[in-house]
Amino acid sequence: IRGDIETPATHVFRLLVQDLPLALLEQPVLTSRIEKIGRDERLALGSGSVTGTATDSAFALQVGLDAGSSGNITGELTGERGASNWRDYPIRGALVASTDGLALLDIYFGGIDKATGRINTNVTVGGTLGAPTMQGLLQLRDASIDIYQVNLALRELSLDATFNSEALELAGQSRLGEGTARFNG
């Protein structure tokens, strides 16, 4: 890294990874009514690289990880360093990701006991470092979600979530018991 108070820091780094795992280890919990068995969920992030560069006038970050049929991530974020305040640096970028690692949904939505299916997402980024904007599409396909606590079994679940910095629109459907549930909004 080079730089001082008058000159922005410059640097190049590259991280190479081989078979990188993401793991959720849930410890067993004992309550007054039930003992919850611990889980060990693992998601293969794959092999690839994360690269970053910073020059006097620009910066860039690239990621490319491939875990075969389990999923992949590719993305890039670039920016210009022309403004005097780093919050005003313009940025642009994109991220495309796909995974069948729905078992990790419980990290974000507690109570899910079993989840299968595929998530695909495509996000673009713009604006500045201090006020970034995002827009994109997240798709859930061929999913099944079980929540045993309320005896809920969603099958053939599909969801499209379109979003930007100001709004989120959802549309989807699922087989629920003998019927079909559709939702949007």
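Our structure is the block above this text.
It should be emphasised that the depicted structure is a prediction, and the values quoted were computed from it without experimental measurement.

Student: Got a minute to help me understand the overall build of the protein chain in this structure?
Tutor: Secondary structure assignment for the protein chain yields 0 helices and 12 strands. Listed by position from the N terminus, the elements making up the protein chain come as β-β-β-β-β-β-β-β-β-β-β-β. Across the protein chain, every contact between residues at least 6 apart in sequence was considered, and the portion connecting residues at least 24 apart equals 40%. Carbon and sulfur atoms provide 56% of the accessible area of the protein chain, an area that totals close to 12200 Å².

Student: In this structure, what is going on with the environment of Ala94? I would like to understand it.
Tutor: By secondary structure assignment, the location of Ala94 is in strand 7 (residues 91-99). It is 5.5 Å that separates the C-alpha atoms of Ala94 and Val123, two residues lying 29 residues apart in sequence.

Student: What is the right way to read the side chain of Asp146 from this model?
Tutor: With respect to the helices and strands, the residue Asp146 is situated in strand 9 (residues 132-147). Within the structure, Asp146 has its side chain in polar contact with the side chain of Arg155 (distance 2.8 Å). Here Asp146 is in contact with Ile112, Asp113, Lys114, Leu152, Ala153 and Arg155, once residues within four sequence places are set aside.

Student: Help me understand the pattern of salt bridges, please; the structure alone is not making it clear to me.
Tutor: Where charged atoms from two side chains of opposite charge come close, those side chains can pair. In the structure shown here, the tally under the stated rule is 4 salt bridges. Put simply, Arg92 and Glu80 hold a salt bridge, and the shortest N to O gap is 3.8 Å. Remark: Glu80 occurs in strand 6 (residues 71-80) and Arg92 occurs in strand 7; sequence separation between them is 12 residues. Owing to a relative accessible area of 43%, Arg92 belongs among the partly exposed residues under this scheme. By relative accessible area, Glu80 is classed as partly exposed at 39%. Linking Glu156 and Arg175 is a salt bridge whose minimum nitrogen-to-oxygen distance equals 3.3 Å. In this pair, Glu156 is assigned in strand 10 (residues 152-164) and Arg175 in strand 11 (residues 168-176), connecting sequence segments 19 residues apart. Assessed through its relative accessible area of 54%, Glu156 is described here as exposed.

Student: What is the right way to read unusual backbone geometry from this model?
Tutor: Peptide bonds are mostly trans, and most non-glycine residues show a negative phi. The backbone of Asp142 shows a phi angle near 50°, a positive value even though the residue is not glycine. By the element assignment, Asp142 lies in strand 9. Asp142 sits in the exposed class, given a relative accessible area of 70%. The phi torsion at Glu156 lies on the positive side, around 50°, for a residue other than glycine.

Student: How should I be thinking about the pairing of strand 6 in this particular structure?
Tutor: A regular strand carries its side chains on alternate faces of the sheet. As paired elements, strand 5 (residues 58-66) and strand 6 share 9 bridges and run antiparallel to each other. Paired with Leu65 across the two strands is Ile73, which belongs to strand 6. Between strand 5 and the antiparallel strand that follows it, strand 6, lie 4 residues; Gly68 among them carries a positive phi value of about 65°. Where strand 6 meets strand 7, 9 bridges bridge the pair, whose relative direction is antiparallel. Residue pairing across strands places Ile73 opposite Ala97, the latter belonging to strand 7.

Student: Any chance you could explain the nonpolar core here in plain terms?
Tutor: The nonpolar side chains of soluble globular proteins are, as a tendency, buried together. Among the nonpolar cores identified, the biggest contains 11 residues, and these are Leu102, Leu105, Ile112, Ala115, Ile119, Leu140, Ala143, Ile145, Leu154, Leu157 and Leu159. For this core, the secondary structure elements donating two or more residues are strand 8 (114-127), strand 9 and strand 10. If near-sequence neighbours (up to four positions away) are discounted, Leu102 is found in contact with Ala115, Thr116, Gly117, Arg118, Ile119, Leu140 and Ala143.

Student: Even after reading the chapter, I still don't get the packing of aromatic side chains, so can you show me in this structure?
Tutor: Each aromatic ring pair is characterised by the separation of its centres together with the angle its planes make. In total, this model carries 1 aromatic pair according to the counting rule given. Ring centres of Phe59 and Tyr89 lie 6.2 Å apart, and the angle between their planes is 40°; on these two criteria the pair is classed as tilted. In this pair, Phe59 sits in strand 5 while Tyr89 sits in the loop between strand 6 and strand 7, placing the two residues 30 residues apart along the sequence. You'll find Phe59 and Tyr89 in the same group, each marked buried.

Cut-offs applied
- Residues numbered from 1 in each chain as written.
- Predicted model: local features only at pLDDT ≥ 70, side-chain atom pairs only at ≥ 80, totals over all residues.
- Heavy atoms only, no water.
- Helix = DSSP H or I, 4+ residues; strand = E, 2+ residues; numbered from the N terminus.
- Contact = heavy atoms within 4.5 Å.
- Areas by Shrake-Rupley, 256 points an atom, 1.4 Å probe, with all protein chains shown as cover.
- Polar contact = N/O pair within 3.5 Å; in protein donor to acceptor, adjacent residues only side chain to side chain.
- Salt bridge = Lys/Arg side-chain N within 4 Å of Asp/Glu carboxyl O.
- Buried < 20%, exposed > 50% of the residue type's maximum accessible area, 1.4 Å probe, protein only.
- Pairing = 2+ DSSP bridges.
- Core = buried A, V, L, I, M, F, W, Y, C linked by side-chain atoms within 4.5 Å.
- Phe/Tyr/Trp six-rings, centres within 6.5 Å; stacked < 30°, edge-to-face > 60°.

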